[in-house]
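Secondary and tertiary structure notes
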Amino acid sequence: MGGAILLGAALLAWVAIANGFPLVFADSGTYFRIPLELYFPTDRPAIYGLAIGLPLMIAGPWGIVAIQAIGATLIVAMTLGIVGRRLQPVELLATCAFLALGSSLPWFVGQIMPDLATGFVPLVLFALLASPAALWQRAGLTLVLTALIAVHLSHVPLVTGLLGLAVVAMLAKGMAARAVLRRALPPALAILLALFGLSTLNRAAGYDFKPALSSDMFLVGRLFDGHLAQPALARLCQTQAMAHCAVRPLVDDPTIAKPGQAYLWDARSPLGAMLHRDRPGTIAEQRRIIAAVLHDDPAGVAALAWHGFTEQLVTLRKGVLPPYPAEMQVSRILSTRMPHAFQAFAHSRQQRGTLDALKFAPDVAVAVLVVLLLPPMLFWAARRRDWRVLGLAGLVVATVLLNAAITGDLSGPDDRYQSRVLWLLPLLAACFIVAWRQRPRSIAG
């Protein structure tokens, strides 16, 4: 099986290999800076940056891709092994080949970003809920889930929602409350450990003891993008002297399509200077703006949330990765800190603008086909009382929906957010095939 895992990892890393360098996003520069410069970001968790530090030091950026590819293959193998009687190497290789050519997974395996972990969250949760017999297995999976939750703040509400739905489903199935509690405790502990760990890390860095340091900032940005915060801010500025009044010319500019993104990232935005000058005061103002919007226009907030959810469901192109100019952080950090790697980066398909040639795989069409085939697959599993297959299907579908709701509402629709979980649908189809090939059996709760 070891050879199959390595070959499967190579299959899943094919996009990065064909690109000539690991794929990078604008935020990849921040994650490189964390281990290379001991930089502590306040707008995202530092966990992923810390995790990639050792492979980066040993083998450069390709070390990160190797770890991610092997990790993805192991998690796929684990999932197939749970739904099947006994996983065969050929089944793992066939599944990896299917995912390599028919899903978005290779685009995240080869990318220096924590988005790959989002799809792992429901799979590790599934493994925990399947209740492995050995204590060391439960402990190990709990620690893995803790790390997966901690690398991206959107994973906290995602795994919380998935666990809640799973508990309801197990109780509805007739499982004893004690058995449900026994299965739910490890993932619940993982959530608490992740929140405590993030809070401790933020406090050690000199900030507040809380898991998220900039959640209010992103929510205000989302409300500016929806043009809901502008009237509230105008009203507040009539009666109060707020530092945020200085952002009004920017967010009121009709030529800016996404004023919230401009508020967060535009060089003209005074937000960075405001946070540097008075971070607690700026955060307090952001909370005041959020409260004012909720008070003034709750219907508008609800409409924005629904629109964000529905738009994110269908916003899922893979590989939206442009070439980055020399002044971008990711280019600067590679050229100054990793000059040898920078040469390969500069000659990669991504930097030459020819990455689109690798997007031939019909990942969206495959996912849609799986959705269309889902009713007969679920009927087959229900007839055989295959609760593990049914449970995995429930977690995958719930992940696709919850991910769209969380990211579409709190951050705003973006292709990479939904594409990062779309590969779970082809994996679900592969799991049905593996379960179908095995001897039919009834799985006890």
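So, here's what we can say about the structure.

The rules we used
- Residues numbered from 1 in each chain as written.
- Predicted model: local features only at pLDDT ≥ 70, side-chain atom pairs only at ≥ 80, totals over all residues.
- Heavy atoms only, no water.
- Patch = residues over 30% accessible without salt bridge, like charges linked within 9 Å, V, L, I, M, F, W, Y side chains within 5 Å.
- Areas by Shrake-Rupley, 256 points an atom, 1.4 Å probe, with all protein chains shown as cover.
- Salt bridge = Lys/Arg side-chain N within 4 Å of Asp/Glu carboxyl O.
- Helix = DSSP H or I, 4+ residues; strand = E, 2+ residues; numbered from the N terminus.
- Expected span 1.5 Å × (residues − 1).
- Buried < 20%, exposed > 50% of the residue type's maximum accessible area, 1.4 Å probe, protein only.
- Contact = heavy atoms within 4.5 Å.
- Axes fitted to C-alpha atoms, helices over the stretch in contact; angles between N-to-C directions.
- Parallel < 35°, antiparallel > 145°, perpendicular 65-115°, else oblique.
- Left-handed = near helix turned anticlockwise from the far one by under 90°.
- Nonpolar A, V, L, I, M, F, W, Y, C, P; charged D, E, K, R; others polar.
- Polar contact = N/O pair within 3.5 Å; in protein donor to acceptor, adjacent residues only side chain to side chain.
- Core = buried A, V, L, I, M, F, W, Y, C linked by side-chain atoms within 4.5 Å.

1. Quick look at a nonpolar patch on the surface
A contiguous nonpolar surface patch, about 360 Å² in accessible area, is contributed by Leu54, Met57 and Ile58. Relative to the helices and strands, Ile58 is located in helix α5 (residues 53-59).

2. Details of helix α12 (residues 177-204)
Compared with an ideal rise of 1.5 Å per residue, which puts 28 residues at 40 Å, α12 spans 39 Å between its outermost C-alpha atoms and is within 8% of the ideal. For α12, the set of buried residues is Val180, Arg183, Ala184, Pro186, Pro187, Ala190, Ile191, Ala194, Leu198, Ser199 and Asn202. Packing partners of the buried residues in α12 comprise α4 (47-51), α9 (116-129), α10 (135-150) and α11 (155-173). Immediately beyond the C-terminal end of α12, within one or two residues, lies Gly206, with a positive phi of roughly 100 degrees.

3. Some remarks on the packing of helix α19 (residues 298-313) against helix α24 (residues 387-410)
At a minimum axis separation of 7 Å, α19 and α24 run at an interaxial angle of 125 degrees. Judged by the angle between their axes, α19 and α24 are oblique. Of the two elements, α19 crosses α24, and the hand of that crossing is right-handed. Contact residues: Leu304, Ala305, Trp306, Gly308, Phe309, Gln312 and Leu313 in α19; Val400, Leu401, Ala404, Ala405, Thr407, Gly408 and Asp409 in α24. When grouped by side-chain class, the residues that make up the contact of α19 with α24 number nine nonpolar, four polar and one charged.

4. Examining the environment of Ser28
Note on placement: Ser28 falls in helix α3 (residues 28-37). When its relative accessible area of 0% is taken as the criterion, Ser28 is described as buried. Here the alpha-carbon distance between Ser28 and Gln111, two residues 83 residues apart in the chain, equals 8.6 Å. Among the polar contacts listed, one links the side chain of Ser28 to the backbone nitrogen of Phe25, at a separation of 2.8 Å.

5. Quick notes on the nonpolar core
In a soluble, globular protein the nonpolar side chains are often hidden away together inside. Core analysis: the biggest nonpolar cluster contains 110 residues, and Phe32, Leu92, Leu145 and Phe432 have the highest contact counts within it. With 11 residues, the top contributor of residues to this core is α9. Apart from residues lying up to four places away in sequence, Phe432 is in contact with Leu374, Met377, Leu378, Trp380, Ala381, Val389 and Ala393. The next biggest cluster of nonpolar side chains, apart from the first, holds 23 residues, and it includes Val251, Tyr263, Met274 and Leu275.

6. Some details on the pattern of salt bridges
In the structure shown here, the tally under the stated rule is 15 salt bridges. Between Arg44 and Asp27 there is a salt bridge whose closest N-O contact spans 3.0 Å. Placement of the pair is Arg44 in the loop between α3 and α4 and Asp27 in the loop between α2 (14-19) and α3, with a sequence separation of 17 residues. Neither Arg44 nor Asp27 differs from the other in exposure class; each is buried. Between Asp115 and Arg416 there is a salt bridge, with its nearest N and O atoms 2.7 Å apart. Of the two residues, Asp115 sits in the loop between α8 (105-109) and α9 while Arg416 sits in helix α25 (residues 415-422), which places them 301 residues apart along the sequence. Each of the salt bridges in this network shares a partner with another, and the network as a whole consists of Asp27, Asp43, Arg44, Asp115, Asp414, Arg416 and Arg420.

7. Comments concerning the environment of Leu36
For Leu36, the position within the fold is in helix α3. As a C-alpha pair, Leu36 and Met1 span 35 residues in sequence and 35 Å in three-dimensional space. When residues no more than four places from it in sequence are discounted, the contact partners of Leu36 are Leu56, Met57, Ile333, Arg337 and Met338.

8. Quick word on the environment of Pro61
Mapped onto the elements of the fold, Pro61 is located in helix α6 (residues 61-83). Separated by 339 residues in sequence, Pro61 and Val400 place their C-alpha atoms 29 Å apart. Excluding residues within four positions of it along the chain, Pro61 makes contact with Phe21, Pro22, Leu56, Ile112, Met338 and Ala341.

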